[in-house]
Amino acid sequence: MPFQTLLRASVVAASLFLVAACDDAQERAEGHYQSGLELLEADDPIKAKLEFQNALQLNQDYLEPRFEFAKLLMADGDIEGALGNFLKVVELDPNHLEGNINVGELYLIGNAPELAERYVTTAFAAAPDNIKVRGLKAVYEQRSGNTEAALELAQDVLADDPASTVAIGVIASDFMSKEQPEQALIYLDQGLATEEPDAALYMMKMAALNAVGDQGRITSHLEDMAAAFPENSELSQSLVQRYIQLGEVDKAEEVLRQLMANNPDETAYPLGLVNLLNTQRSPADAQALLEELVARGDANEGDYLRALAGFHFRAGDTDTSIATLEGYLARDDLDAQDKYNTQTQLGGVFRTIGENEKSNALAVEVLENDEENVDALKLRALHQIETDDYQGAIENLRSALNVSPRNPSVLTILAAAHERNGSKGLAQERLALAVQASNNGVAESIRYAEFLLREGRAEIADDVIDDALLANGPAIVLLAQSAAVKLALEDYAGAEDIVQQLTVEGAIDEARDVANRVRFATLNSQNRSEEAEELLERMWSQSGEESGAMTSLVQTYLQQGRTEEAESFLDNILADTPNNLQATMLRGAVHSSQSQFDEAEALFRKAIEDHPEAENGYGALVILLNAQGRQDEAREILDQGIRNSEGAVRLELAKAGQLERDLKFDEAIAIYERLYEANTGSLIFANNLASLLAEHRDDPESLARAAAVSKRLRESDQPAFLDTYGWVQYRAGDYEAAVAPLKEAAEALTNNALVQYHLGMVYKALGQTELARTQLQRALELGQTEVYPVLAEVPDLLTELDQAQ
């Protein structure tokens, strides 16, 4: 046979084979599709989805299984996957009505009306009388800013279908945008009367009720939402928090126990019940439940045992907590992850009690076996932050984010590392991301708001807390933070509204206490002194010392010149409770304000005798003795207080200041090193340590230490901190970096000789002779009344500048 004939025969045979193969593949695809439909009919969507996938593997362009597969993905909440498959449907059939409807809906859900336009328009052109299509078009018009057209379409839809939740949503949303929540509620109640629950309408009604401030209806609506969506555990958790806030502990416990019954393998609900029992019943009840959970010995034993260890730790029984964790680690039947989880929790305990080296060692051990362990990376980073290795911490936290990109706690620690490293902009960015990642979590939102308040950005903080309140409901801590923001904004009406929310009928004591503090701060800020005083007196009569009103009341009496009332008030308290430390200290302060120094001294000494473990009496007596020129006695009392009192930070600070005045700088540095090591987050400790190191040490190690500690000060708005940062840069030889912060500090602290000297030295180093002479001359003049040894060299420096010209 000629070669060409053979080739033609082969091609024909191959073509026939391919056609047969294609026919066979399509038949099998059809079989999978039909099987999927039968499984859907039998209410087995999981297996049906697999059949539709099998059909699509055989024929990617098979429209019918593609459409069914897309619908199942959407039902599973896989919006991205559903959208991709619906887009393929309309690619295969541009006029596919339901495909266009679904693509339009998904783009509108994603708030992308410009992408939805093509598909909504196609569907509307094909079926302008279709109720669903008209509702979709109304939503599209509203999202596109065409309000009149949207409302007209929505009203038309309602005329034909009074139960259309889409049309109701459009109308209610319009009322909400016009700040008419009561009108919105009329339509929302109509929409929610239907048999099928609509999550969007439920959420919109919650927003409307929050806007109205109807606390009773908020609780009732939250109950309705939890009943309508029993599979949504977050709603049930929100309901639990609401019941707790209202003091309805039995109802909260009932919800948690139902969640436990419905989700036997989930640990969150038993642990939530433990927390409820601990805070609302008794710690003994909580501990008993934890021990019962551990005793089950099920797959979650490790989780419950770690929770029990955490319970002991929070109760102050650190030894038992550590023993529990170490005992569990001694078992040889732990899987790797269980072991790592226990090691990192033990590391966290060690870090909290100041055993940082032990904590770090555990983190390092875990990372040797699991270099991507997020909890160990966090522990390691925390240790690095505390030892001023900010760059190392940042690198480890970035590694953690590679594993867990939206981990709120990692982002929060990273923000702290950036802030310590002097990068407030990066710190703010990470805090904002932590809020997003936590879905406006309570702790993350409060932390971000506090940062924003420190930076003078109260308006943004207000938005952050408002979003958190919408997401979490009116939690007490959020309302307290919101009040702080309102006061910073001088929004007294807003603060008063928070007071009303906190004092709803049945509010727990904690809520009322917060409300009283907010109310007092609001009245004080508005100089409404009489009302503020009445509130303080009411707080005192209702709760006594628990109200925290004693000091404020005494201050109020003294500010108004009503010394006798202040004395009588305190004398009555001391008559009932002679050893009352706060009243004793305040009575001594009143004597001191009246120049009755002997009486004040006697009371401060009594406070020391009655409460030798408290630093209050020592500190007040030291100030009094120093004011009378009795420095030697003051030193003795100061040393006695440091020996006897617990955690005497203020006394240690006073001692360091005394040592500085005595020119004993190495001893002062040793105290600041100890204070800083115990609390590396303190800006004051960081500033004072870096300042003394840069001022009085010349060795490279000390100057490097000063540079590491002072990094966080470079974007400060405190002149003293800027002076420290600038002087550290000068000592490091970076004169260009030093000049701006030192200039800003010198302009703010015009009468501080040392600050003027620092700027003069930088100008001298930069060769700016006239500026240097001016600053150093100013420092010399101011230094006549200040004890700064370094100023003794200024005359020689001025002579040197004169000779240089």
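Undergrad: Hey, could you run me through the overall build of the protein in this one?
TA: Looking only at helices and strands, the protein features 45 helices and zero strands. Here the C-alpha atoms of the protein give a radius of gyration of 35 Å, more than 25% beyond the 28 Å that 2.2 N^0.38 yields for 805 residues. With respect to the three principal axes, the spread of C-alpha positions in the protein is 115 × 80 × 65 Å. Burial statistics for the protein: of 805 residues in total, 45% are counted as buried. Taking the contacts inside the protein whose residues are at least 6 apart along the sequence as the reference set, 45% of them involve residues at least 24 apart. Summed over its atoms, the accessible surface of the protein is roughly 40,100 Å², and 48% of this surface lies on carbon and sulfur atoms. Here the protein contributes 64 positive and 138 negative side-chain charges, whose respective centroids are spaced 3 Å apart.

Undergrad: Looking at this model, I keep getting lost on the packing of aromatic side chains. Mind explaining?
TA: What characterises a pair of aromatic rings is the spacing of the ring centres plus the angle enclosed by the ring planes. All chains considered together, the criterion is met by ten aromatic pairs. Ring centres of Tyr-730 and Tyr-735 lie 5.4 Å apart, and the angle between their planes is 45°; on these two criteria the pair is classed as tilted. The partly exposed category is assigned to Tyr-735, whose relative accessible area is 30%. Grouped by ring-pair contacts, the aromatic residues Trp-727, Tyr-730, Tyr-735 and Tyr-757 constitute a single cluster. Over the aromatic face of Phe-124 sits the side chain of Lys-137, whose NZ or CZ is 5.2 Å from the ring centroid.

Undergrad: Explain the pattern of salt bridges here, please?
TA: Side chains that carry opposite charge are capable of pairing whenever their charged atoms lie near each other. Across all of its chains, the model carries 47 salt bridges by this definition. The partner of Arg-562 in a salt bridge is Glu-565, and the shortest N-O contact between them spans 2.8 Å. Overall, the relative accessible area of 21% leaves Arg-562 in the partly exposed class. We classify Glu-565 as partly exposed; its relative accessible area is 36%.

Undergrad: Quick question: what am I supposed to make of a negative patch on the surface here?
TA: Together, Glu-459, Asp-463, Asp-466 and Asp-467 make up a negatively charged patch on the protein surface. With respect to the helices, strands and loops of the structure, Asp-467 is situated in helix α26 (residues 458-472).

Undergrad: Help me out: how do you make sense of the packing of helix α20 (residues 356-369) against helix α21 (residues 374-386) in this one?
TA: Pairs of packed helices are described in terms of their axes, by the angle between the two and the distance that separates them. Close contact between α20 and α21 brings their axes to 8 Å; oriented N to C, the two are set at 140°. The angle between the axes of α20 and α21 places the two elements in the oblique class. At the point where α20 passes α21, the crossing takes the left-handed sense. Where α20 abuts α21, its residues Asn-356, Glu-357, Ser-359, Asn-360, Ala-363, Val-364, Val-366 and Leu-367 lie against Ala-376, Leu-377, Leu-379, Arg-380, His-383 and Glu-386. The residue makeup of the contact of α20 with α21, split by class, is seven nonpolar, four polar and three charged.

Undergrad: I would appreciate a short explanation of the side chain of Asp-338 in the present structure.
TA: Within the secondary structure, Asp-338 is located in helix α19 (residues 336-352). Residue class for Asp-338 comes out buried when judged on its relative accessible area of 14%.

Undergrad: Help me understand the nonpolar core in this model?
TA: Soluble, globular proteins show a tendency: their nonpolar side chains are buried together. Counting residues in hydrophobic clusters, the biggest one holds 88 residues, and the most contacted among them are Phe-86, Val-103, Leu-188, Leu-273 and Leu-276. Those residues within four positions of Val-103 in sequence are excluded, and the remaining contacts are Leu-83, Phe-86, Leu-87, Val-90 and Tyr-119. In terms of nonpolar packing, the next biggest core, distinct from the first, is built from 65 residues, Ile-394, Leu-411, Ala-779 and Leu-801 among them.

Undergrad: What is the right way to read the side chain of Glu-533 from this model?
TA: With respect to the helices, strands and loops of the structure, Glu-533 is situated in helix α30 (residues 529-543). By relative accessible area, Glu-533 is classed as buried at 11%. Here Glu-533 is in contact with Leu-553, Thr-556, Tyr-557, Gln-560 and Arg-562, once residues within four sequence places are set aside.

Undergrad: Just checking my understanding: could you explain helix α18 (residues 318-329) for this structure?
TA: Counting along an α-helix, one turn takes 3.6 residues, and residues three or four places apart therefore face a common direction. Along its twelve residues, α18 runs 17 Å from first to last C-alpha, staying within 8% of the 16 Å computed at 1.5 Å per residue. All of the buried residues in α18 are Thr-318, Ser-321, Ile-322, Thr-324, Leu-325 and Tyr-328. Along the axis of α18, the buried positions cluster into a sector of 160°, meaning they face one direction only. Turning to α18, the residues buried within the fold contact α17 (301-314) and α19.

Undergrad: Teacher, can you tell me more about the packing of helix α33 (residues 581-593) against helix α35 (residues 616-627) here?
TA: Look at α33 against α35: their axes get within 11 Å of each other, and the N-to-C directions meet at 10°. Relative to α35, the element α33 is oriented roughly parallel. Where α33 approaches α35, its residues Leu-581, Met-585 and Ser-592 are matched on the opposing element by Asn-616, Gly-617, Ala-620 and Leu-624. Class assignment for the residues of the contact of α33 with α35 results in four nonpolar, three polar and no charged.

Undergrad: Sorry if this is basic, but what is going on with unusual backbone geometry here?
TA: Peptide bonds are mostly trans, and most non-glycine residues show a negative phi. One non-glycine residue, Glu-179, adopts positive backbone phi at about 60°. Overall, Glu-179 belongs to the exposed group, its relative accessible area being 71%. The phi torsion at Glu-490 lies on the positive side, around 60°, for a residue other than glycine. Structurally, Glu-490 is set in the loop between α27 (476-488) and α28 (492-502). Taking the relative accessible area as the measure of exposure, Glu-490 reaches 57% and is therefore exposed.

Undergrad: Would you explain the environment of Gly-247 in this entry?
TA: Position of Gly-247 relative to the elements: it lies in the loop between α13 (233-245) and α14 (249-262). Under the relative-accessibility criterion, Gly-247 is labelled partly exposed at 40%.

Undergrad: In this structure, what is going on with the environment of Ser-173? I would like to understand it.
TA: Structurally, Ser-173 can be placed in helix α9 (residues 165-177). Residue Ser-173 is classed as partly exposed on the basis of its relative accessible area, which comes to 28%. In this structure the C-alpha to C-alpha distance between Ser-173 and Ala-208, which are 35 residues apart in sequence, comes to 9.6 Å. If we skip the residues at most four places from it in the chain, Ser-173 touches Gln-142 and Met-204.

Undergrad: Could you clarify how one ought to interpret helix α7 (residues 131-143) in this entry?
TA: The end-to-end C-alpha distance of α7 is 19 Å, a good match for the 18 Å that 13 residues give at a rise of 1.5 Å each. Within α7, burial applies to Val-133, Arg-134, Gly-135, Leu-136, Lys-137, Ala-138, Val-139, Tyr-140 and Glu-141. Structurally, α7 contributes buried residues whose contacts are with α5 (97-109), α6 (113-126), α8 (147-160) and α9. Sitting at the amino-terminal end of α7 is Asn-130, which places a side-chain oxygen 2.8 Å from the backbone nitrogen of Lys-132. Downstream of α7 by a residue or two, Gly-145 has a phi angle that is positive, lying close to 90°.

Here is what the cut-offs are and how they apply
Residues numbered from 1 in each chain as written. Predicted model: local features only at pLDDT ≥ 70, side-chain atom pairs only at ≥ 80, totals over all residues. Heavy atoms only, no water. Helix = DSSP H or I, 4+ residues; strand = E, 2+ residues; numbered from the N terminus. Rg over C-alpha atoms; globule rule 2.2 N^0.38 Å. Buried < 20%, exposed > 50% of the residue type's maximum accessible area, 1.4 Å probe, protein only. Contact = heavy atoms within 4.5 Å. Areas by Shrake-Rupley, 256 points an atom, 1.4 Å probe, with all protein chains shown as cover. Lys, Arg positive; Asp, Glu negative; His and termini not counted. Charge placed at Lys NZ, Arg CZ, Asp CG, Glu CD. Phe/Tyr/Trp six-rings, centres within 6.5 Å; stacked < 30°, edge-to-face > 60°. Lys NZ or Arg CZ within 6 Å of the ring centre and 35° of its normal. Salt bridge = Lys/Arg side-chain N within 4 Å of Asp/Glu carboxyl O. Patch = residues over 30% accessible without salt bridge, like charges linked within 9 Å, V, L, I, M, F, W, Y side chains within 5 Å. Axes fitted to C-alpha atoms, helices over the stretch in contact; angles between N-to-C directions. Parallel < 35°, antiparallel > 145°, perpendicular 65-115°, else oblique. Left-handed = near helix turned anticlockwise from the far one by under 90°. Nonpolar A, V, L, I, M, F, W, Y, C, P; charged D, E, K, R; others polar. Core = buried A, V, L, I, M, F, W, Y, C linked by side-chain atoms within 4.5 Å. Expected span 1.5 Å × (residues − 1). Arc of directions from axis to C-beta. Polar contact = N/O pair within 3.5 Å; in protein donor to acceptor, adjacent residues only side chain to side chain.

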